[in-house]
Amino acid sequence: MALTVRCVNVDSNPRDCRDIETIGFDAEDGGIATRTPAQVYDLIEKEGYNVVVEHNGTRTDVNAVKRGTTKYVRSEPNDTKDDNLLKQPSC
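Cut-offs and rules
Residues numbered from 1 in each chain as written. Predicted model: local features only at pLDDT ≥ 70, side-chain atom pairs only at ≥ 80, totals over all residues. Heavy atoms only, no water. Helix = DSSP H or I, 4+ residues; strand = E, 2+ residues; numbered from the N terminus. Rg over C-alpha atoms; globule rule 2.2 N^0.38 Å. Buried < 20%, exposed > 50% of the residue type's maximum accessible area, 1.4 Å probe, protein only. Contact = heavy atoms within 4.5 Å. Lys, Arg positive; Asp, Glu negative; His and termini not counted. Charge placed at Lys NZ, Arg CZ, Asp CG, Glu CD. 1 Å grid on protein atoms, 1.4 Å probe; cavity = no way out; pocket = protein on both sides within 12 Å on 5 of 7 lines; lining within 4 Å. Points joined across faces, edges and corners; volume = space filled by probe spheres on them. Nonpolar A, V, L, I, M, F, W, Y, C, P; charged D, E, K, R; others polar.

Okay, the overall build of the protein chain next. Scanning the protein chain for helices and strands turns up 1 helix and 7 strands. Against the 2.2 N^0.38 benchmark of 12 Å for 91 residues, the protein chain shows a C-alpha radius of gyration of 12 Å, consistent with a compact globule. Projected onto its principal axes, the C-alpha coordinates of the protein chain cover approximately 30 × 30 × 25 Å. Classification of the 91 residues of the protein chain by burial places 37% in the buried group. Within the protein chain, contacts between residues separated by at least 24 positions form 44% of all contacts whose residues are at least 6 apart in sequence. Counting 12 positive and 16 negative side-chain charges, the protein chain places the centres of these two groups 5 Å from one another.

Attention shifts here to the environment of Val 10. In this structure, Val 10 sits in strand β1 (residues 2-10). Note on Val 10: relative accessible area 29%, which makes it partly exposed. Taking C-alpha positions, Val 10 is 9.9 Å from Leu 85, a pair spaced 75 residues apart along the chain. Discounting chain neighbours no more than four positions away, the residues touching Val 10 are Asp 19, Ile 20, Glu 21 and Leu 86.

With that settled, consider the side chain of Thr 4. Mapped onto the elements of the fold, Thr 4 is located in strand β1. Of the residues examined, Thr 4 reaches a relative accessible area of 15% and is grouped as buried. Apart from the residues within four sequence positions on either side, Thr 4 is in contact with Gly 24, Phe 25, Val 52, Glu 54 and Arg 59.

When its volume is computed, the largest pocket comes out at roughly 190 Å³. Met 1, Leu 3, Phe 25, Asp 26, Ala 27, Ala 33, Arg 35, Leu 43 and Tyr 49 together form the lining of the largest pocket. Looking at the lining of the largest pocket, the elements that each hand over two or more residues are β2 (20-26) and β3 (32-35). By residue class, the composition of the lining of the largest pocket is 7 nonpolar, no polar and 2 charged.

Here you go:
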């Protein structure tokens, strides 16, 4: 199943995708359902979801990443302030 990112909430001065606090998706009731980056990581790795983000008309896959014990997600370009996830509106 594919999920498209609709919005993100970030730390007050985000440096890169690791500063994302929550990620929003369309909810069944028409609103937005938010998940933590660790929860989205599990959706991708454990449940087999394909998560994508759209920016400027281009769809990019969201990748699950684990650094030490920290689970997070990112899209191209990886671990920079230009990550397409950071280009999304706030939830």
